[in-house]
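Remarks on the overall topology
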Amino acid sequence: MKAIQKIREEHRAISAVLHGLKQLARDAQNAGVKPDFAVFRAMIHYIDEFPEQLHHPKEDRYLFPPLAARLPKLQRVIDELRAEHKDGAKLVRELERSLVFFEDRWPLGAAEFLATVDAYAEFHWKHMRKEEQEILPAAEHYFSPGDWDAVDRAFDANRDPIAGIKERDFQALFTRIVSLAPEPVGLGERWKKVS
Ligand SMILES: [Fe+2]
Ligand SMILES: [Fe+2]
């Protein structure tokens, strides 16, 4: 059952970055304080690549197929989740576009950036909630020890050197976000007032 633990931990990490991004996008509405755009870039890079390269492929390849085989009635929700994995990548492009505009034209673009951040966070939370409420409990209930062995083996990043490297990169990026983000989101310096 290590794989389920891992999915939940990854959801917590994505959720922490989404919370931080929402908070900082709200703080950035004050035109008298210039945001540090590096933290926004790092956060969006993380929520773009971490789900895309590490998290969703594991769900798509190793969790959904055995679950659909055991419980055909879950096929509909699994199809929705797969489609959301693809849609999420497109929504991140919107996020990147509104950040580029905001950074170029600051303080213009603040409200649009916040709206895009809120919409993306809502989308991704809904997606993760669906997985946590409909998929993970079903797997816990219906998978046999043999199913778990297969899923856990597939999930074990240490067996896949490329995934192992990526996982370390994302941990390093998460640490960078925490060191760049000002309190209360992280440990970085407060944004400076413009004189
Ligand atoms: Fe997912
Ligand atoms: Fe997920």
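Everything that follows concerns the structure shown earlier in this document.
Bear in mind the structure is a predicted one, so any value in this text is a computation, not a measurement.

With that settled, consider the side chain of Glu167. Looking at where Glu167 falls in the secondary structure, it is placed in helix α6 (residues 161-180). Here the side chain of Glu167 touches Lys6 through a polar contact of 3.0 Å, side chain to side chain.

Attention now moves to the coordination of the iron ion (ligand 1). Tetrahedral metal sites with four donors have an ideal angle of 109.5 degrees; octahedral sites with six donors have ideal angles of 90 or 180 degrees. Coordination sphere of the iron ion (ligand 1), protein contribution only: Glu59 (OE), His85 (NE2), His127 (NE2) and Glu131 (OE), at 1.9 to 2.2 Å. Metal-centred angles of 88 to 175° between the four donor atoms at the iron ion (ligand 1) mark the site as irregular. Along the chain, the residues that donate to the iron ion (ligand 1) are spaced as E-x25-H-x41-H-x3-E. A distance of 3.1 Å spans the gap from the iron ion (ligand 1) to the iron ion (ligand 2), which Glu59 bridges by coordinating each metal. Pair noted here: Glu59 is in helix α2 (residues 37-70) and His85 is in helix α3 (residues 75-105), with a separation of 26 residues, a long-range link. For the residue pair Glu59 and His85, the accessibility class agrees, reading buried in each case.

What follows covers α3. For α3, spanning 31 residues, the distance from its first C-alpha to its last is 46 Å, which sits close to the expected 45 Å at 1.5 Å a residue. Along its buried surface, α3 packs onto α2 and α4 (110-142).

Our focus in this paragraph is the packing of aromatic side chains. What the rule picks out here adds up to eleven aromatic pairs. Considering the side-chain rings of Tyr120 and Phe123, the 6.2 Å spacing of their centres and the 45° angle between planes classify their relative orientation as tilted. Residue Tyr120 and its partner Phe123 are located together in helix α4, separated by three residues, close to a single helical turn. The exposure class assigned to Tyr120 is buried, which follows from its relative accessible area of 4%.

Of note, Val92 is situated in helix α3. A relative accessible area of 1% places Val92 in the buried class. Sequence separation of Val92 and Glu10 is 82 residues, and the distance between their C-alpha atoms is 18 Å.

Rules used in this analysis
What you see as residue numbers is a count from 1 along each chain, following the sequence as written. In the order they appear in the text, chains get letters beginning with A and ligands get numbers beginning with 1. Note on the predicted model: pLDDT of at least 70 is required for a residue's local features to be given, and 80 or more for side-chain atom pairs to be given and counted; whole-chain, interface and lining totals, by contrast, use all residues. Each side-chain value is worked out from all heavy atoms of the structure, with water and hydrogens disregarded. A run of DSSP states H or I qualifies as a helix once it reaches four residues; a run of E qualifies as a strand once it reaches two. Both are numbered from the N-terminal end. Distance and chemistry together define a polar contact, namely a pair of N or O atoms within 3.5 Å, with one atom able to donate a hydrogen and the other to accept it when in protein, and with adjacent residues in sequence counting only for side-chain atoms on both sides. Note on donors: an N, O or S atom is included if it sits within 2.8 Å of the metal, or within 3.2 Å for Na, K and Ca, and water is never included, so sites can look incomplete. Note on geometry labels: four donors, all angles 85 to 135 degrees, give tetrahedral; four donors become square planar and six octahedral when opposite donors are over 155 degrees apart and every other angle is between 65 and 115; remaining cases are irregular. We call a residue buried when its accessible area falls under 20% of the maximum for its residue type, exposed when it is over 50%, and partly exposed in between, using a 1.4 Å probe and counting protein chains only. Under the convention used throughout, the expected extent of a helix is 1.5 Å for every residue step, that is, one less than its residue count. Whether two residues are in contact is decided by their heavy atoms: any pair within 4.5 Å suffices. Only Phe, Tyr and Trp rings are paired, with Trp represented by its six-membered ring, and only when their centres lie within 6.5 Å; those with planes under 30 degrees apart are stacked, over 60 edge-to-face, the remainder tilted.

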